Amino acid sequence: MGECRVCNAPLELFLSFGRMPLADRFVEPDRVADEYLYDLAVGACPACWMVQLVDVPPPEVVFPPDYPYRSSASQRMRDHFAAIASRLRRLARHSRDPFVVEIGCNDGAMLRTLARAGVRHLGVDPAAGAASTAHEYGVDVLEAFFDEEVAARVRDERGPADVVYAANTLCHIADLHGALRAIDGLLDDEGILVFEDPYLADIVTATAFDQFYDEHVYYFSLAAVGRMLEPCALEVFDVEHLDVHGGELRCYVGRKGRRPVSEAVRRTLAAEQVSRLVDLDGLYDFSRRVDAVRRQLRELLEELHAAGRRVVGYGATAKSATVTNACGIGPELVEFVCDSTPEKQGKLTPGAHIPVRPPEAFADPYPDYALLFAWNHAAEIRRKEHDFEAGGGRWVLYIPEVAISPP
Ligand code: TMP
Ligand code: ZN
């Protein structure tokens, strides 16, 4: 069944998708036979309430040097990271020569702003391709998985960090206690850890089952985050709810008792109790809604296919690997997926083997329906693709429920 990686209690399994491919492993058309598969199952810990994957593939397999995801792929996220960069600078003001470390800096979407401002910084990321783009933007990058040894080396060579930042990275690290010990060792006494990851409350509310895939090992609630920080005597002193990546929780963490704990922290913890986030019945109820959405989406696509309608996918997101593989959606139902990431184009989507084409293919000619896999970028995409809708095209949505828009 599996044990909680945070507190070792037996996990309660509430969601299971069967064998799945790696969500960001796009396949060369002549290499479909070599796909890595693993069991995607999600458990909750009834002792510390950490929701987590039961089995995870090794990090070297999930994040190879040619990992294709780019944080800067949308205007929305570029703006988001520029804004948090300024915020982190202000947070590090107490230091005479602030030093900011980002774990999982990817293509430097955040650190490029600090590099431009001349702030002392370091990005740590194992993905060589993304790191080399960061480097072109003047970002100082160490190509490595962040662990205690790397953190100790960074501290020895550059001194303690005033701010450690991790966006969509901490929830990727299976050895959470190791990562937290590494952060603890790297942070200055007055230092602050800021991390942001998909928020369990948003996943449950929106039935966003596509957030479950190999890279997301943990699905944080504030209740579980508090418990996971205890061994390092760290605590969350402030939180923000972010409207990116389908809803995220950003936590501001410092050494215990060092700063006043904000009202937002107390409010968020209370709301989690009320919304049955830390409640097995609530999670089983969520699981039944997931099954219904999976069935309805597949049925809708089969109906459109039977009616001779052309459907293409929009955004070859990591999340879409769960949707296509969990719902049984292949190239017979979705002709191709368009995506702006050059590293994904010309390949096939993981497991489902739907061809990935550049964005220009979308209008050549427009399909009848577009399945919006990149639903977290809906506003940006629908603005950009207004000609599609103006010409009678319609979006197929499945978050928070299966729908066609305009109806
Ligand atoms: P994300 O949801 O993990 O940020 O991934 C979004 C994916 O969608 C990424 O592969 C880039 C792609 N994308 C497009 O192809 N066109 C767009 O307009 C946007 C915003 C994203
Ligand atoms: Zn636990």
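Residues numbered from 1 in each chain as written. Chains lettered and ligands numbered in written order. Predicted model: local features only at pLDDT ≥ 70, side-chain atom pairs only at ≥ 80, totals over all residues. Heavy atoms only, no water.

Let's talk about the coordination of the zinc ion (ligand 2)
So, step 1. At 2.3 Å from the zinc ion (ligand 2) lie its protein donor atoms, namely C4 (SG), C7 (SG), C45 (SG) and C48 (SG).
So, step 2. Classification of the site at the zinc ion (ligand 2) as tetrahedral follows from its four donor atoms and the range of 98 to 118° in their angles at the metal.
So, step 3. For the zinc ion (ligand 2), the donor residues sit on a single chain with the sequence spacing C-x2-C-x37-C-x2-C. Of this pair, C4 sits in the segment before β1 (12-21) while C48 is found in the loop between β2 (37-44) and β3 (51-53), placing the two residues 44 residues apart along the sequence. Of the two residues, C4 and C48, both sit in the buried class. (Donors = N, O, S within 2.8 Å, 3.2 Å for Na, K, Ca; no water. Tetrahedral: all angles 85-135°; square planar, octahedral: opposite > 155°, others 65-115°. Helix = DSSP H or I, 4+ residues; strand = E, 2+ residues; numbered from the N terminus. Buried < 20%, exposed > 50% of the residue type's maximum accessible area, 1.4 Å probe, protein only.)

Side note on the packing of aromatic side chains
How two aromatic rings sit relative to each other is set out by the distance from centre to centre and by the angle between their planes.
So, step 1. Tallied over the full model, the rule gives 18 aromatic pairs.
So, step 2. Taken together, a centroid distance of 6.4 Å and an interplanar angle of 35° make the contact between F17 and F212 tilted. Here F212 lies in the loop between α7 (200-205) and β9 (218-219) and F17 lies in strand β1, a separation of 195 residues in the sequence. In terms of burial, F17 and F212 fall into one category: buried.
So, step 3. Taken together, the aromatic side chains of F14, F17, F209, F212, Y219, F286, F373 and Y398 make up a single cluster linked through ring pairs. (Phe/Tyr/Trp six-rings, centres within 6.5 Å; stacked < 30°, edge-to-face > 60°.)

A word on the environment of A271
So, step 1. Relative to the helices and strands, A271 resides in helix α9 (residues 263-274).
So, step 2. Put simply, A271 and A179 are 92 residues apart on the chain and 28 Å apart in space, counted from C-alpha to C-alpha.

Quick notes on the sheet that holds β3
So, step 1. Sheet architecture is open: four strands sit in the order β1-β2-β3-β9, paired in antiparallel fashion. In the strand order of this sheet, the two ends are held by β1 and β9, each with one partner.
So, step 2. Pairing geometry for β3 and β9, over two bridges, is antiparallel. For V51, the partnering residue across the bridge sits in β9 and is Y219. (Pairing = 2+ DSSP bridges.)

What about the site of ligand 1?
So, step 1. Close contacts around ligand 1 come from 18 residues, with D339, S340, K344, H377 and K384 the closest.
So, step 2. At 2.9 Å, a side-chain N or O of Y69 approaches an oxygen atom of ligand 1.
So, step 3. Taking K319, its side chain carries an N or O atom lying 3.0 Å from an oxygen atom of ligand 1.
So, step 4. Taking 480 Å² as the accessible area of ligand 1 by itself, protein coverage stands at 95%.
So, step 5. Counting residues per element, the shell around ligand 1 draws most heavily on helix α12 (residues 378-384), at three residues.
So, step 6. The residue inventory of the shell around ligand 1, partitioned by class, reads five nonpolar, eight polar and five charged. (Near = heavy atom within 4 Å. Polar contact = N/O pair within 3.5 Å; in protein donor to acceptor, adjacent residues only side chain to side chain. Areas by Shrake-Rupley, 256 points an atom, 1.4 Å probe, with all protein chains shown as cover. Nonpolar A, V, L, I, M, F, W, Y, C, P; charged D, E, K, R; others polar.)

Observations regarding the packing of helix α10 (residues 280-306) against helix α11 (residues 318-327)
So, step 1. It is the contact of α10 with α11, at a shortest axis distance of 9 Å, that shows an interaxial angle of 75°. By the angle between their directions, the pair α10 and α11 is classed as roughly perpendicular. When α10 is examined against α11, the residues R294, L297 and R298 are found in contact with a partner set consisting of V323, A326 and C327.
So, step 2. Partitioned by chemical class, the residues of the contact of α10 with α11 number four nonpolar, no polar and two charged. (Axes fitted to C-alpha atoms, helices over the stretch in contact; angles between N-to-C directions. Parallel < 35°, antiparallel > 145°, perpendicular 65-115°, else oblique. Contact = heavy atoms within 4.5 Å.)

Details of the side chain of E102
So, step 1. Within the secondary structure, E102 sits in strand β4 (residues 99-103).
So, step 2. Despite its burial, E102 remains without a salt bridge, the nearest opposite charge being carried by R112 at 9.1 Å.
So, step 3. In this structure, E102 is in contact with M110, L111, L122, G123, V124 and Y165, ignoring residues within four places of it in sequence. (Lys, Arg positive; Asp, Glu negative; His and termini not counted. Salt bridge = Lys/Arg side-chain N within 4 Å of Asp/Glu carboxyl O.)

Some remarks on the sheet that holds strand β16 (residues 394-397)
So, step 1. Reading across from one edge, β14-β13-β12-β15-β16-β17 is the order of the six strands in this open sheet, with mixed pairing throughout. Strands at the two margins of the open sheet, each flanked by one partner only, are β14 (356-357) and β17 (403-405).
So, step 2. The pairing of β16 with β17 spans three bridges and is classified as antiparallel. Each bridged residue has a counterpart across the sheet, and for V396 the counterpart in β17 is I404.

Digging into helix α8 (residues 222-229)
So, step 1. Within the span of α8, buried status applies to L222, A224, V225, M228 and L229. Each buried residue of α8 sits inside an arc of 155° when the element is viewed along its axis, so together they form one side.
So, step 2. Where α8 is buried, its residues contact α6 (176-186), β8 (187-198), β10 (234-242), β11 (248-255) and α9. (Arc of directions from axis to C-beta.)

Thoughts on the side chain of H377
So, step 1. By the element assignment, H377 lies in the loop between β15 (369-372) and α12.
So, step 2. Overall, H377 belongs to the buried group, its relative accessible area being 15%.
So, step 3. Within the structure, H377 has its side chain in polar contact with the side chain of N376 (distance 3.4 Å).
So, step 4. If sequence neighbours within four positions are ignored, H377 has contacts with S74, R76 and M77.

Observations concerning unusual backbone geometry
So, step 1. D364 connects to P365 through a cis peptide bond whose omega is -10°.
So, step 2. Secondary-structure assignment places P365 in the loop between β14 and β15.
So, step 3. Geometrically, the link from I399 to P400 is a cis peptide bond, its omega value of 5° lying close to zero.
So, step 4. Note that P400 resides in the loop between β16 and β17.
So, step 5. Even without being glycine, H245 reaches a positive phi, approximately 50°.
So, step 6. In this fold, H245 is placed in the loop between β10 and β11.

A word on the environment of D55
So, step 1. Inspection of the secondary structure assignment puts D55 in the loop between β3 and α1 (59-62).
So, step 2. Judged by its relative accessible area of 44%, D55 falls in the partly exposed class.
So, step 3. Residues D55 and L193, 138 residues apart in the sequence, show an inter-C-alpha distance of 27 Å.
So, step 4. When neighbours within four sequence positions are excluded, D55 is seen to be in contact with R5, Y38 and D39.

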